[in-house]
Each structure stands twice: as C-alpha cells, then as structure tokens.
Amino acid sequence: MNRYENIDERLARLRRETEAITPPAGLAARLAARVVDEAERSWLHAIARYGRRSVTVAAFTACAAMVIAGVSGGLDDVAEVSAELAP
Amino acid sequence: MHPTRDPDEAARLVRSGSASAFGDLVAATTPRLYRLAVRMTGSPEEAEDVLQDSYIRAYEALRSGAFDGTARVESWLYRIVTNTALNALRSRRHRAEGPLGDDVGVIGDDGLTAQARVALRELAGWLHELPAEQLAAVVLKEIEGLTSAEAAAALGCTEGAVEQRLVRARTTLRARSGS
C-alpha cells in the first residue's frame, strides 16, 4: 500500500491484479485422474479390508462349529453308550 | 459423444455412476476454484493440495449420494474449497508457520503472471495476521466479489457474522497501516 492508498483502494487493486490467476496447464486433468484413482483405491482397500475381516469371521465360525459339533457328538456318544449299558 | 461441460449435468452423470464425467466437472470448475484457493492460501502449491482434497470429498459425496443435486454444484464445490482452505490455514497456523507469500512463484509454471505473483505475495503478507475466519471473509467479499449472502453461504454462517468479521478485519488492518 502506498501512502495515498486506503484499505478499499488497496483491496480493489489486489483484486484486479490477482484476477488473471489461472490454473497451471494440465492441472484439471491431473486432479481428476488423481481423485478418481484415490477414490478407486480407497474402494479396493475397503473391499480388501472387508474381505480379510470376512475370512477371519468365517474361519472363527468354522472353528466354533467344529468345536460345537465335537462336543454335541461327544454328548450323543455318551448318551448312546449309556442307553446301550442300561438294563 | 462430446464430453459435457455443464457442471450440473456432469455432476448428475457422476452421481449415476460415470467416473469419466468427473473429469468434465473438474475441467469446468477448476479455473474459478483454483483462483479462490490461491487467494485464500496465498500459495499455488497449497492451493493445488486444497483442490485435490476438495475434489476427493466432492467425488465421494457424489458417488455415495450425499449430494442430492438440489443446490448448484458449483456453489457446493465453492463451499467445500472455502472450508478446506480454511482448515489448511488453521493447520498452518497451528504449526506456527508464517505466510507462504515469500515462496510464491518459486516453482516454475504455476499459472501466475509476474504481476499476479507480486500481488499475491502482497495480499498474503498483508492479511496473514488476521484470524482465519476474518481472512476468509475479506477474500470472499472484497477480493472474490461475493455478496454478503453468498459469502455467508460459503462460510456456513449468517450475513451478520460475515459483516462483523469484515468490520474487525478492517479495524485490524487500519490499525496496522497506521502504526
């Protein structure tokens, strides 16, 4: 600001002088490519994360099922033997 | 097929699943949003980061249906860029860094003329001591030329709050120029 310029004049001059700001060549194309790429990658990460979690849950469920099956089978065996031994 | 250049039409296509239409939306809106981000941050490099973060948020909102298309997409993007630039300013200040004006134009082709580069350095140096919200109000109203209602919509506050921030900013700037 020079000594003859007030706040309004300075703002108006800076507005005029920054009016010609334009994006660097190719910025829009670079941004669009980066954004879509980033978004797709985050989708893939989400799917991979969900997939890993699903595999863990499935493995845990399978183990639990095997244990339950084993325990129930064992109980059935005990019941069968008891029934056979009964007079 | 010719690529669409109307931002609202491009946004509608992105919402219906076309990733390629997003390129049209970015091409149509980048010039105005880049200038806003440069004026807010005082730095072409930081403005590019602000734009990238803003477009990522916009893309996710369009794809998830969070943006329903009732507002003009350009106004909505303008608001996102304003908020992202404000956050960038706040985080720069939190790191206690000074204005970026001195670095303006150091890196090659940043789309700035020599006059714009000098003016941007002056603007960043002049406004950097203002609180971020006051700086944003000054840039939106006095430099971007928005009405108080438009600035309030971009900042997510009332017109009265915009006017109050402008009065405070002017008081600070006047006191500094008098000292």
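Above this text is the structure in question.
Worth saying up front: this structure is predicted, and the values here are computed from it rather than measured. (Residues numbered from 1 in each chain as written. Chains lettered and ligands numbered in written order. Predicted model: local features only at pLDDT ≥ 70, side-chain atom pairs only at ≥ 80, totals over all residues. Heavy atoms only, no water.)

**A word on the interface of chain B and chain A**
Next, step 1: Facing the 39 residues of chain B at the interface are 29 residues of chain A.
Next, step 2: Surface buried jointly by chain B and chain A totals about 3,100 Å² across both partners, of which 67% is contributed by carbon and sulfur atoms.
Next, step 3: Looking only at chain B, the three residues that lose the most surface to chain A are B:Glu48, B:Glu122 and B:Trp126, adding up to 19% of its buried area.
Next, step 4: In this structure, the connection of chain B to chain A is made through seven salt bridges.
Next, step 5: The residue A:Arg30 makes a salt bridge to B:Glu48 at a minimum N-O spacing of 3.5 Å.
Next, step 6: Seen at the junction of chain B and chain A, the total is eleven residue pairs in polar contact (both at pLDDT 80 or more).
Next, step 7: In terms of residue class, the side of chain B that touches chain A is made up of 20 nonpolar, seven polar and twelve charged. (Contact = heavy atoms within 4.5 Å. Buried area = accessible area lost by both parts, 1.4 Å probe. Salt bridge = Lys/Arg side-chain N within 4 Å of Asp/Glu carboxyl O. Polar contact = N/O pair within 3.5 Å; in protein donor to acceptor, adjacent residues only side chain to side chain. Nonpolar A, V, L, I, M, F, W, Y, C, P; charged D, E, K, R; others polar.)

**Some details on the nonpolar core**
Next, step 1: Ranked by size, the top nonpolar core spans 70 residues in total, and within it B:Phe22, B:Leu51, B:Tyr55, B:Trp76 and B:Leu127 carry the most contacts.
Next, step 2: Residues in contact with B:Phe22, not counting those within four places in the same chain, are A:Ala32, A:Val35, A:Val36, B:Val14, B:Tyr55, B:Tyr59 and B:Leu62. (Core = buried A, V, L, I, M, F, W, Y, C linked by side-chain atoms within 4.5 Å. Buried < 20%, exposed > 50% of the residue type's maximum accessible area, 1.4 Å probe, protein only.)

**Concerning helix α1 (residues 7–15) of chain B**
Residue and element names in this part refer to chain B.
Next, step 1: Buried residues of α1: Pro7, Ala10, Ala11, Leu13 and Val14, and no others. In a view along the axis of α1, the buried residues occupy a sector of 160 degrees, so they form one face of it.
Next, step 2: Buried-residue contacts for α1 involve α2 (20–41), α3 (44–64) and α4 (73–94). (Helix = DSSP H or I, 4+ residues; strand = E, 2+ residues; numbered from the N terminus. Arc of directions from axis to C-beta.)

**Brief notes about the packing of aromatic side chains**
Next, step 1: The full count for this structure, using the stated rule, is three aromatic pairs over all chains.
Next, step 2: Relative to B:Tyr55, the ring of B:Phe22 has its centre 6.0 Å away and its plane inclined at 90 degrees; by these criteria the two rings are edge-to-face. Of this pair, B:Phe22 sits in helix α2 while B:Tyr55 sits in helix α3, and the two are 33 residues apart along the sequence.
Next, step 3: Its relative accessible area of 0% is what places B:Phe22 among the buried residues.
Next, step 4: Measuring from ring centre to ring centre gives 4.8 Å for B:Phe22 and B:Tyr59, while their planes differ by 70 degrees; the resulting arrangement is edge-to-face. Taken as a pair, B:Phe22 in helix α2 and B:Tyr59 in helix α3 lie far apart in primary sequence, 37 residues in all. No difference in accessibility class separates B:Phe22 from B:Tyr59, as the two residues are buried.
Next, step 5: Here the basic side chain of A:Arg10 rests over the ring of B:Trp126, its NZ or CZ set 4.1 Å away from the ring centre. (Phe/Tyr/Trp six-rings, centres within 6.5 Å; stacked < 30°, edge-to-face > 60°. Lys NZ or Arg CZ within 6 Å of the ring centre and 35° of its normal.)

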